[in-house]
Amino acid sequence: MKAEPTLAWLGQFEPEDQPVAVAILRAMMLVSRDAFAEGLRKLLLERLAKGGEPIGLYVERELRHRHGVPFRLFKETTTKVRRAYGVGPRPVEPTQSYDADVGSEGLVAQLVSEICRADPKKVFNHPGPDAIRKHRIRRFVLVSDFIGSGRRAQTYLQSAWRVRSVRSWWSGRATKGLAFEVVAYAATRRGRSVVERHPSRPSVHVVVGCPTLDSAFSTADARKLCFKYSPVPPSVMPPMGYCGGGALIAFAHGVPNNAPLILHKRGPGWAPLFPARVTSATRAQFSDASDADTVRAHLLDMRQTRLATAGTVAGAKPHAQTMLLVLAALSRPPREAETISRKTGLTVLEVEAALKKALKNEWVDGENRLTDLGHAELNQARKCPDAAPLPPEAPPFYYPSSLRVPRGVSS
């Protein structure tokens, strides 16, 4: 990202508040188009290989509703015994005739179409009841870019759940009935919890864990900043974003409405960094920092200063840097794979692979806690001479020239 827009945005804060604003920018996850497509594709293919075929893929989008109740996803007969029939829903369709805007579902729909065309006998694109019966589809997989509040994914699942035939298919899942899954690039902890509580009991899988103000900051300073500079009165809209999400993520195709309002909402005397949640003015500058710099930054965020300044980081190969990040993240709880992903910027698949290797080497136990051997590995890495010592103090007015994207995918 160019320095000018960042400086202009930071310049709106009072001097004593600028360090917190900078910390918010540093904590943000920036996702390029390539990173998004490649990461989501890899996760989808990994999930599809888990068995339970054939599979139906559905793109999450806004659905029409009446008084807050979504329309049924499939048509039903009006006979005494209701039976679903017909074709499936369209992957992209405006909910209002006067609003033809297409959101992230357009990008996801293209990815879903490519995967379905590659294996048309096992993976089906938005199959309806007729196709589900004909091909004996066993998995209903909902695909999304981001689960913020979880309400849109939950609404989509509920629109399918309202169909009696769907509930009947689901009830026989123990004997090869219909199982539900949700696959997304990222999700907040709160949003994931909302989706998992749906009666269909979906399993949720993400590429990376999404940082939020609550997960990235141990104090309330960032939250207070969002309230102090909110461009919209808190009585009208939560300063933390929709449903108070506080999501610190920006995609090349847009910023979610769960992000703090100071990032994307215009107000009297306030110019956001991403006006109207659009990143088109800055996405050409989305870039990765070097591997060593990225690892060092994450280690410093985890307060692993000695490890960050050790020569091991700069001299290690990428797989060794990944292992150092994971072991460092395991020094403090919580220790779930998705939480480690949020701390390190690694994808969940990378974290799981590193945990598997660490367990094999007896660096962690079965509950992802560091063993004596694991602590010894970290201590040894900390003892290596500094390859490129970091300055003892940060510049008085630091701003990031670019936001980091998750490792493991190209930008």
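The notes below deal with the structure included here. (Residues numbered from 1 in each chain as written. Predicted model: local features only at pLDDT ≥ 70, side-chain atom pairs only at ≥ 80, totals over all residues. Heavy atoms only, no water.)

It is worth spelling out the sheet that holds strand S7 (residues 123–125) at this point. Here we have 5 strands laid out as an open sheet, ordered S7-S2-S8-S9-S10, and parallel in their pairing. If you trace the sheet from one side to the other, it starts and ends with S7 and strand S10 (203–209), each paired once. Strand-to-strand, the axes of this sheet are offset by a mean angle of 25°, without reference to chain direction. Note that strand S9 (residues 179–187) and S10 share 6 bridges and pair parallel. (Pairing = 2+ DSSP bridges. Helix = DSSP H or I, 4+ residues; strand = E, 2+ residues; numbered from the N terminus. Axes fitted to C-alpha atoms, helices over the stretch in contact; angles between N-to-C directions.)

Another aspect to go through is the environment of Tyr229. Relative to the elements of secondary structure, Tyr229 occurs in the loop between helix H10 (221–228) and strand S11 (249–251). Tyr229 gets classed as buried once you look at its relative accessible area, which sits at 11%. (Buried < 20%, exposed > 50% of the residue type's maximum accessible area, 1.4 Å probe, protein only.)

Bringing helix H16 (residues 337–344) into the picture now. In terms of burial, H16 is largely enclosed, as 7 of its 8 residues are buried. Those residues of H16 that sit buried are Ala337, Glu338, Thr339, Ile340, Ser341, Arg342 and Thr344.

This part covers the pattern of salt bridges. Within this structure, the stated rule accounts for 18 salt bridges. With a shortest N-O distance of 3.3 Å, Glu367 and Arg369 are connected by a salt bridge. Relative accessible area serves as the criterion here: at 54%, Glu367 is assigned to the exposed category. Residues joined by salt bridges that share partners form a network here, namely Arg72, Glu76, Arg82 and Arg164. (Salt bridge = Lys/Arg side-chain N within 4 Å of Asp/Glu carboxyl O.)

With that settled, consider the nonpolar core. Counting 55 residues, the largest nonpolar core has Phe74, Phe140, Phe180, Leu299 and Leu327 as its most contacted members. Top contributing element to this core by residue count: helix H15 (residues 318–329), with 7 residues. Setting aside residues up to four positions removed in sequence, Phe74 forms contacts with Tyr58, Ala84, Val87, Gly88, Pro89, Pro127, Gly128, Pro129, Ile132, Val163 and Val166. (Core = buried A, V, L, I, M, F, W, Y, C linked by side-chain atoms within 4.5 Å. Contact = heavy atoms within 4.5 Å.)

Further remarks concern the pairing of S9. A large share of S9 lies buried, amounting to 8 of its 9 residues. As defined by bridge partners, strand S8 (residues 139–147) adjoins S9 across 8 bridges and the pair is classed as parallel. Paired with Ser144 across the two strands is Ala184, which belongs to S9. Remark: the S9/helix H8 (residues 189–196)/S10 crossover connection has right-handed handedness. (Right-handed = clockwise from strand over helix to strand, strands pointing away.)

The next subject is the environment of Ala316. Residue placement: Ala316 occurs in the loop between helix H14 (311–315) and H15. Sequence separation between Ala316 and Ala292 is 24 residues; the distance between their C-alpha atoms is 8.6 Å.

Okay, the packing of aromatic side chains next. Within this structure, the stated rule accounts for 12 aromatic pairs. Between Phe36 and Tyr185, the ring centres sit 5.7 Å apart and the planes meet at 40°, which makes this aromatic pair tilted. Of this pair, Phe36 sits in helix H3 (residues 33–48) while Tyr185 sits in strand S9; the two residues are 149 residues apart in sequence, bridging distant segments of the chain. Classification of Phe36 as buried rests on a relative accessible area of 5%. Judged by relative accessible area, Tyr185 falls into the buried class, the value being 0%. By way of ring pairs, the aromatic residues Tyr58, Phe140, Trp161, Trp170 and Phe180 are connected into one cluster. (Phe/Tyr/Trp six-rings, centres within 6.5 Å; stacked < 30°, edge-to-face > 60°.)

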